[in-house]
Amino acid sequence: MSRMVRLLHEQMLKYNWVGFYLLENGAPGQPPMLVLGPFEGAMTPHTRIPLHQGICGAAASSGKTVVVDDVSKDNRYLACSLETKSEIVVPIFVRGKVVGELDIDSHFAAAFKDEDRELVEYCAGLIGASLAKSPA
Ligand code: SME
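This report concerns the structure included in the present document. (Residues numbered from 1 in each chain as written. Predicted model: local features only at pLDDT ≥ 70, side-chain atom pairs only at ≥ 80, totals over all residues. Heavy atoms only, no water.)

**Considerations on the sheet that holds strand 4 (residues 66-68)**
Phase 1 of the analysis: The strand order across the open sheet formed by six strands is 3-2-1-6-5-4, and the pairing between neighbours is antiparallel. In the strand order of this sheet, the two ends are held by strand 3 (48-50) and strand 4, each with one partner. Across the sheet, the axes of successive neighbouring strands diverge by a mean angle of 25°, strand direction being ignored.
Phase 2 of the analysis: Sheet topology places strand 1 (residues 17-24) next to strand 2 (residues 33-40); six bridges connect them, and they run antiparallel. Pairing of E24 across the sheet is with M33, part of strand 2.
Phase 3 of the analysis: Across the sheet, helix 1 (residues 2-11) touches strand 1, strand 2 and strand 6 (97-106), and the angle it forms with strand 1 is around 150°. (Pairing = 2+ DSSP bridges. Helix = DSSP H or I, 4+ residues; strand = E, 2+ residues; numbered from the N terminus. Axes fitted to C-alpha atoms, helices over the stretch in contact; angles between N-to-C directions. Contact = heavy atoms within 4.5 Å.)

If you want it as structure tokens, here you go:
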């Protein structure tokens with residue numbers, strides 16, 4: 001995960017913040033939480049995100065990729081940097097269940113086209129496959 005965020009952040013010029021959130025299924029009575037994992041870019045205030053908040057919560061709870069072309073027009077958006085204009089969040093699955101997600105922010109509006117979605121979904125799939133092989 002660390003190598004992947006570094007590579008995407010270095011090589012893709014419009015990917016200005018690249019990070020993983022991992023789903024923590026809390027203790028009984030505690031709500032599940034998305035917990036910040038490896039990332040590249042500025043520190044974010046959002047280190048723990050409940051599933052009903054943010055673009056991140058929307059992607060994890062629906063199990064679907066979310067692309068937002070203009071974050072200022074999406075009232076789910078939790079601001080990480082004033083410079084962020086667009087965002088993509090792709091869920092990561094292990095055996096059909098969401099276990100985390102790959103989140104990318106851009107300083108450019110509508111930065112995430114079909115080919116970006118394909119690339120980020122491919123990357124999320126690699127991590128899902130790798131997590132599936134590691135002991136539970
Ligand atoms: N913007 C995200 C929060 C995470 S930061 O982008 C790193 C959201 O709306 O869920």
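Still more ground to cover, so stick around.
**Let's talk about the pairing of strand 1**
Phase 1 of the analysis: Note: strand 1 against strand 6, six bridges, orientation antiparallel. From the neighbouring strand, W17 faces strand 6, where its bridge partner is D105.

**What to know about the site of the ligand**
Phase 1 of the analysis: Neighbouring the ligand are 13 residues, the closest being I55, C56, L78, E87 and D105.
Phase 2 of the analysis: Between the ligand and L78 there is a distance of 2.8 Å, counted from a nitrogen atom to a backbone nitrogen or oxygen.
Phase 3 of the analysis: Between an oxygen atom of the ligand and a side-chain N or O atom of D105, the distance comes to 2.9 Å.
Phase 4 of the analysis: Its free accessible area being 300 Å², the ligand has 100% of it covered by the protein chains.
Phase 5 of the analysis: Top element by residues in the shell around the ligand is helix 2 (residues 54-62). It accounts for three residues.
Phase 6 of the analysis: Considered class by class, the residues forming the shell around the ligand number eight nonpolar, two polar and three charged. (Near = heavy atom within 4 Å. Polar contact = N/O pair within 3.5 Å; in protein donor to acceptor, adjacent residues only side chain to side chain. Areas by Shrake-Rupley, 256 points an atom, 1.4 Å probe, with all protein chains shown as cover. Nonpolar A, V, L, I, M, F, W, Y, C, P; charged D, E, K, R; others polar.)

**Quick look at helix 2**
Phase 1 of the analysis: Of all nine residues that make up helix 2, seven are buried, and the element is covered over most of its length.
Phase 2 of the analysis: Taken together, the buried positions of helix 2 are occupied by G54, I55, C56, G57, A58, A59 and A60.
Phase 3 of the analysis: Buried positions along helix 2 lie against strand 1, strand 2, strand 3, strand 4, strand 5 (86-94) and strand 6.
Phase 4 of the analysis: Two residues or fewer after helix 2 comes G63, characterised by a positive phi angle close to 70°. (Buried < 20%, exposed > 50% of the residue type's maximum accessible area, 1.4 Å probe, protein only.)

**Some points on the packing of aromatic side chains**
Phase 1 of the analysis: Counted by the stated rule, this structure contains three aromatic pairs.
Phase 2 of the analysis: Plain terms: the ring middles of Y15 and F112 are 5.5 Å apart, the flat faces sit at 45° to each other, and that makes the pair tilted. Highlighted residues: Y15 in the loop between helix 1 and strand 1 and F112 in the loop between strand 6 and helix 3 (114-133), separated in sequence by 97 residues.
Phase 3 of the analysis: Of the residues examined, Y15 reaches a relative accessible area of 2% and is grouped as buried.
Phase 4 of the analysis: Overall, the relative accessible area of 6% leaves F112 in the buried class.
Phase 5 of the analysis: When the centroid spacing of 5.7 Å and the interplanar angle of 20° are considered together, the rings of W17 and F39 count as stacked. (Phe/Tyr/Trp six-rings, centres within 6.5 Å; stacked < 30°, edge-to-face > 60°.)

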